[in-house]
Amino acid sequence: EEEGGGDDEGADPPPPPPKLGGWLVVSIEMLAGEMIDADADEGRAAHARVFPLTKTEVKILGERATARMAGMSPPPPAPPELVEGGAQGLAGLHYVCHDIALRLCAMTVMNQSKKVARGGGAWHGGAIRTEQITGKAEAKRAAESEEKDDGEKENGETTTKRRVRGAGEGIRMWFWLPGLSGEVKASGSRMAGVDVGSVEIGLGGAAAVDAAVAAGTLPRVELTYVRADDKDSSSGAIAARALVPTATSSDGKGVVGLETFELPFSTARVDIEEVLADGIRAAAATRLRRVLEELGPACDAESVGAVLVEDAVNPHPDADEDGWGGAKRPAIRLRLTDAGTCLHVTCGKRGGELRVCGVASIASSGFAASVEHAACVGGIPALRGLLPALRRAAEERDLREAAMASGVNTHPAPRSMKGWANGVAPAALAIVPPASGGVYVGAFVTRDGEPSGAAKLPEKSAKKSAKKKGTATATATATAGGANAATAGVARLALVHAPRAHPALAPAVASVAPLAPDGSSLLDAKKRKSGEDGSFPFDSFDAVVDAIGAAVRSQRVVAQRATVTSWLRSRGLRFIDARMASDGSSIVAFSAKLGDGAWGAEPAAACEVLLRGADGVRLTVRGLPRAPSVRGTRGEGGEGREWGASRGGVGSIAVEDAGVVVAVDYPDGDFSPGAACGDAHRVVALHAFIGRLRPELGVGAWLEPLSAVVETSGHQARVSWVGGIDDGGLAAVAMNE
């Protein structure tokens, strides 16, 4: 091979003419390498690095390859080699390069295994036990070398025996060790025959691990190195395989069945951590196949689809219930509902125990924690018993999602509220706006005889109620006809009032009133006395969602009333809930004044909050006396201006014989009822302030719905009131015009 010459100074001299059979190896480029871990402190990302070769190493390898290609022994400093069969040609070159690449890979495997042993497998959340696989010839030489001490005299001369470190065929790594504590700690001692670093395991489980390793009942990964044969340049290799016990003896001290899996091993990026992860995946898949066989009948009984997916990914990697994060791993995918709600049953990466992933996405965190603990401790029997609860939780989640898709906001965790009848919360709890009223529409779903959370019925109508419920359930079951029973059942709606005793406390159920099946009104009293609860059969959740939406729209006035009355009660104000108007709308009337201080002598104004549901609320303040300083209202003379109010309200003001009347219309919203109550006190405070102006000093005011323009000596300032309703809680804000 010729390299560029030219007259450039410093250029490498041309290679000498070939001497050994016409072959000459000039350069060798290494393609094998190792995986370098990421280091956040150094700002280094994980990457593959090619094994470096010095110029001397390249020269020696080139001379060895050239000599083998020509059938000769290489010159010093390379060690002499006996080449059998004469010149090997390109096969000799391939043998030298292949052999050095395998040697470097084997050395890297040994070095990485020390890191795994010292770290106890902490990189994947569990403990790993490593040991060296020693061949028969190496084991014999090691035993002979241990018989003689260092410095022994032979033939009158002192010789030093140098033991070979890492000599052997490979590395064996045991995982899913038994008896592990929650924290991995160092045992402080090396196992016999292991020279790859200390091993970290749980202190309390050392004896159990030794017994399991001796019996061979633990899964493990083996990496073995086979040196290339002189006569076959491609015979050498580093083999990786996983050995997974499939059955143990009756006494648990031996293995009856053992399954072997060949694992991929890349010499371009040597990474035994990834090889070990592949071995754990193989062991997990083997165990999950057995779990699926035992879990199949229970899944069929609950109409739950179950299938083993070899490369499943956790849809919620942030939860990381099984320690795999977002990496691929085997999992049993449980299809709980026809809508496609699925959960994953996997094996934990740390200890191989069963894990259920994704429960927190369909239920509360407390329920998810209980499911995770039960599956981890109880295994397959516990998981079999959890299927009905998981299916019901998935159905409730689908119902909430369907309700939210239709524009109805739902409570994320109805079970977090206290006070449900019989301790059974509704499947979905829709929030009736405004949310501050604490009014909800609960949808109780009954299926397969499960309790719906209904209150106990009168004794005289218990038989009749049971008969009607049984008829409705039979009708729903007969009309379902689907493979998944989650799409048929009996539902009933209820109007729930769950206020908060304190803003920092969770709401508690105060009352539950049954609604008519269409949700437009409360269930008739006669029907309630007869034992009916408004139940209706459904074939799909669409019918339930439509009923929930109708109930939320029809009960909006109830939520507005609850918001206004709660606001008044918290401030100790008396009110009258007349619940009637000329157009049939509901009205809440109360009196507003400034308190019991110096300004408390002011006459109280009559306030009315008209509740109009989806059309919002209307505030009307009457009985405001016209002060002598009032010169008129803004908008007179054809100005026709609309005045803005809180939360998008539009106000108007009029002067009548009985006094000043202020009216403000608020659009529908969560804060509109509260804004109306607050603006009522703003109006009263403003007019009390206007009444104290002295017109004899040339001070006058022009009234606006929620403010006034004070005028004196040609100067004007707009004044409004903010703050509380008690004395000392008010402040004036003025803007020059």
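So, how was this worked out
- Residues numbered from 1 in each chain as written.
- Predicted model: local features only at pLDDT ≥ 70, side-chain atom pairs only at ≥ 80, totals over all residues.
- Heavy atoms only, no water.
- Helix = DSSP H or I, 4+ residues; strand = E, 2+ residues; numbered from the N terminus.
- Buried < 20%, exposed > 50% of the residue type's maximum accessible area, 1.4 Å probe, protein only.
- Contact = heavy atoms within 4.5 Å.
- Areas by Shrake-Rupley, 256 points an atom, 1.4 Å probe, with all protein chains shown as cover.
- Axes fitted to C-alpha atoms, helices over the stretch in contact; angles between N-to-C directions.
- Parallel < 35°, antiparallel > 145°, perpendicular 65-115°, else oblique.
- Left-handed = near helix turned anticlockwise from the far one by under 90°.
- Expected span 1.5 Å × (residues − 1).
- Bend = angle between axes of the 7 residues up to and from the residue.
- Polar contact = N/O pair within 3.5 Å; in protein donor to acceptor, adjacent residues only side chain to side chain.
- Arc of directions from axis to C-beta.
- Salt bridge = Lys/Arg side-chain N within 4 Å of Asp/Glu carboxyl O.
- 1 Å grid on protein atoms, 1.4 Å probe; cavity = no way out; pocket = protein on both sides within 12 Å on 5 of 7 lines; lining within 4 Å.
- Points joined across faces, edges and corners; volume = space filled by probe spheres on them.
- Nonpolar A, V, L, I, M, F, W, Y, C, P; charged D, E, K, R; others polar.
- Pairing = 2+ DSSP bridges.
- pLDDT = per-residue confidence, 0-100.

Novice: It is not clear to me how the overall build of the protein chain should be interpreted in this structure. Could you clarify?
Specialist: Within the protein chain, the secondary structure is distributed over 11 helices and 30 strands. The buried share among the 737 residues of the protein chain stands at 43%. Put simply, of all contacts in the protein chain between residues at least 6 apart along the chain, 59% involve residues at least 24 apart. Only carbon and sulfur atoms are counted for the fraction: they give 52% of the accessible area of the protein chain, which is about 37,500 Å².

Novice: Mind showing me how you'd approach the packing of helix H5 (residues 272–301) against helix H6 (residues 365–405) here?
Specialist: Packing of H5 against H6 leaves a shortest axis separation of 10 Å and a crossing angle of 30°. Taken as axis vectors, H5 and H6 run roughly parallel relative to one another. Our pair here, H5 against H6, has a crossing hand that is right-handed. Contacts from Arg 290, Val 291, Glu 294, Leu 295, Ala 298 and Cys 299 in H5 reach Ile 380, Leu 383, Arg 384 and Leu 387 in H6.

Novice: When you look at H5 in this model, what are you seeing that I'm missing?
Specialist: Every α-helix winds through 3.6 residues per turn, so residues three or four apart in the chain are directed the same way. Across its 30 residues, H5 extends 43 Å between first and last C-alpha, which sits within 8% of the 44 Å expected from 1.5 Å per residue. Leu 295 marks the point of greatest bend in H5, at about 45°, and the proline Pro 297 comes within the next four residues. Near the N-terminus of H5, the side chain that reaches the backbone nitrogen of Glu 273, with its oxygen 3.2 Å away, is that of Asp 271. Looking at the residues trailing H5, positive phi occurs at Ser 303, about 55°.

Novice: It is not clear to me how helix H4 (residues 206–215) should be interpreted in this structure. Could you clarify?
Specialist: Listed as buried for H4 are Val 209, Ala 212 and Val 213. Along the axis of H4, the buried residues cluster in a sector spanning 100°; they form a single face. For H4, exposure combined with an orientation more than 90 degrees from the buried face picks out Ala 207 and Ala 214. On its buried face, H4 sits against strand S3 (129–133) and strand S6 (170–174). A positive backbone phi angle near 75° is found at Gly 216, which sits one or two residues after H4.

Novice: Where do I start with unusual backbone geometry in this structure?
Specialist: Only a minority of non-glycine residues have a phi that is not negative, and only a minority of peptide bonds are not trans. In this model, Pro 433 is joined to Pro 434 through a cis peptide bond whose omega is 0°. Considering the arrangement of structural elements, one finds Pro 434 in the loop between strand S14 (428–431) and strand S15 (439–446). With a phi close to 55°, Trp 176 is a non-glycine residue in the positive phi region. Tracing the sequence through the fold places Trp 176 in the loop between S6 and H4. Residue class for Trp 176 comes out buried when judged on its relative accessible area of 13%. The backbone phi angle of Asp 320 is positive, close to 50°, even though this residue is not glycine.

Novice: Mind showing me how you'd approach the pattern of salt bridges here?
Specialist: A pair can form between side chains of opposite charge whenever their charged atoms are brought close. Scanning the model with the defined rule gives 25 salt bridges in all. The salt bridge involving Glu 274 is made with Arg 281; its shortest N-O contact spans 3.5 Å. Note that Arg 415 and Glu 396 form a salt bridge whose closest N and O atoms lie 3.1 Å from each other. Remark: Glu 396 occurs in helix H6 and Arg 415 occurs in the loop between H6 and S14; sequence separation between them is 19 residues. One network of salt bridges, with partners in common, ties together Glu 131, Arg 172, Glu 222 and Arg 241.

Novice: Is there a simple way to explain the layout of surface pockets in this structure?
Specialist: Approximately 1,100 Å³ is the volume attributed to the largest pocket. Listed by contribution, the elements that provide at least two residues to the lining of the largest pocket are S15, strand S16 (489–497), strand S17 (511–514), helix H10 (556–570), strand S19 (575–577) and helix H11 (672–690). With 10 residues, the single largest contributor to the lining of the largest pocket is H10. Considering only residue class, the lining of the largest pocket consists of 21 nonpolar, 14 polar and 7 charged.

Novice: Is there a simple way to think about the pairing of S15 in this case?
Specialist: Counting buried positions over the 8 residues of S15 gives 8, a clear majority of the element. The side-chain alternation of S15 yields two buried faces, one formed by Val 439, Val 441, Ala 443 and Val 445 and the other by Tyr 440, Gly 442, Phe 444 and Thr 446. Pairing of S14 with S15 involves 4 bridges; the strand directions are antiparallel. Residue Ala 428 lies in a different strand from S15, and its bridge partner there is Ala 443. Looking at chain direction, S15 and S16 are connected through 8 bridges and run antiparallel. By the bridge assignment, Gly 442 is partnered in S16 with Ala 494.

Novice: Is there a simple way to think about the confidence of the model for the protein chain in this case?
Specialist: As a note on interpretation, predicted positions should not be read in detail where pLDDT is low. Taken over all residues, the pLDDT of the protein chain has a mean of 77, while the share at 70 or more is 75%. The least confident element of the protein chain is helix H7 (residues 462–480), whose mean pLDDT is 39; the most confident is strand S11 (residues 329–335), at 95. Every residue in residues 636–640 scores below 50 in pLDDT, and together they form 2 contacts with partners more than four places removed in sequence or on other chains. Overall, residues 727–731 carries pLDDT values under 50, and its contacts beyond four positions in sequence, including any with other chains, amount to 16 contacts.

Novice: Which parts of the structure should I look at to understand the packing of H6 against helix H9 (residues 541–554)?
Specialist: Between two packed helices, both the angle of their axes relative to each other and the distance between the axes serve to describe the pair. Interaxial distance between H6 and H9 falls to 9 Å at its minimum, and their mutual angle equals 50°. In terms of orientation, H6 lies oblique with respect to H9. Where H6 crosses over H9, the two elements pack in a sense that is right-handed. Residue-level inspection shows Glu 395, Asp 398, Leu 399, Ala 402 and Ala 403 of H6 in contact with H9, the latter providing Phe 541, Val 544 and Val 545. In terms of residue class, the contact of H6 with H9 is built from 6 nonpolar, no polar and 2 charged.

Novice: Before we go on, may I ask you to explain the sheet that holds strand S13 (residues 354–357) in this structure?
Specialist: Two modes of strand pairing occur in sheets, parallel and antiparallel, and in both the strands are linked by backbone hydrogen bonds. The 4 strands lie next to each other as S10-S11-S12-S13, forming an open sheet whose pairing is antiparallel. Of all strands in the sheet, those with a lone pairing partner are strand S10 (305–312) and S13, marking the two edges. Taken pair by pair, the neighbouring strands of this sheet meet at an average axis angle of 30°, ignoring direction. Inspection of the sheet shows strand S12 (residues 342–347) paired to S13 by 4 bridges, in the antiparallel sense. By the bridge assignment, His 344 is partnered in S13 with Cys 357. Against the sheet, H5 touches S10, S11, S12 and S13, its axis set at about 15° to S11. Packing of H6 onto the sheet brings it into contact with S11, S12 and S13, and relative to S13 it is tilted by some 50°.

Novice: Explanation requested: empty space enclosed by the protein in the structure shown.
Specialist: Think of a ball as big as a water molecule: rolled over the atoms, this probe shows where empty space is left. Throughout the structure, instances matching the rule amount to 1 cavity of 30 Å³ or more. If you add up the space inside the largest cavity, you get close to 50 Å³. Forming the walls of the largest cavity are Arg 392, Glu 395, Glu 396, Leu 399, Ala 427, Val 445, Arg 447 and Phe 541. In terms of residues, the lining of the largest cavity owes the most to one element, H6, which gives 4 residues. Each residue belonging to the lining of the largest cavity can be placed in one class, and the counts come to 4 nonpolar, no polar and 4 charged.

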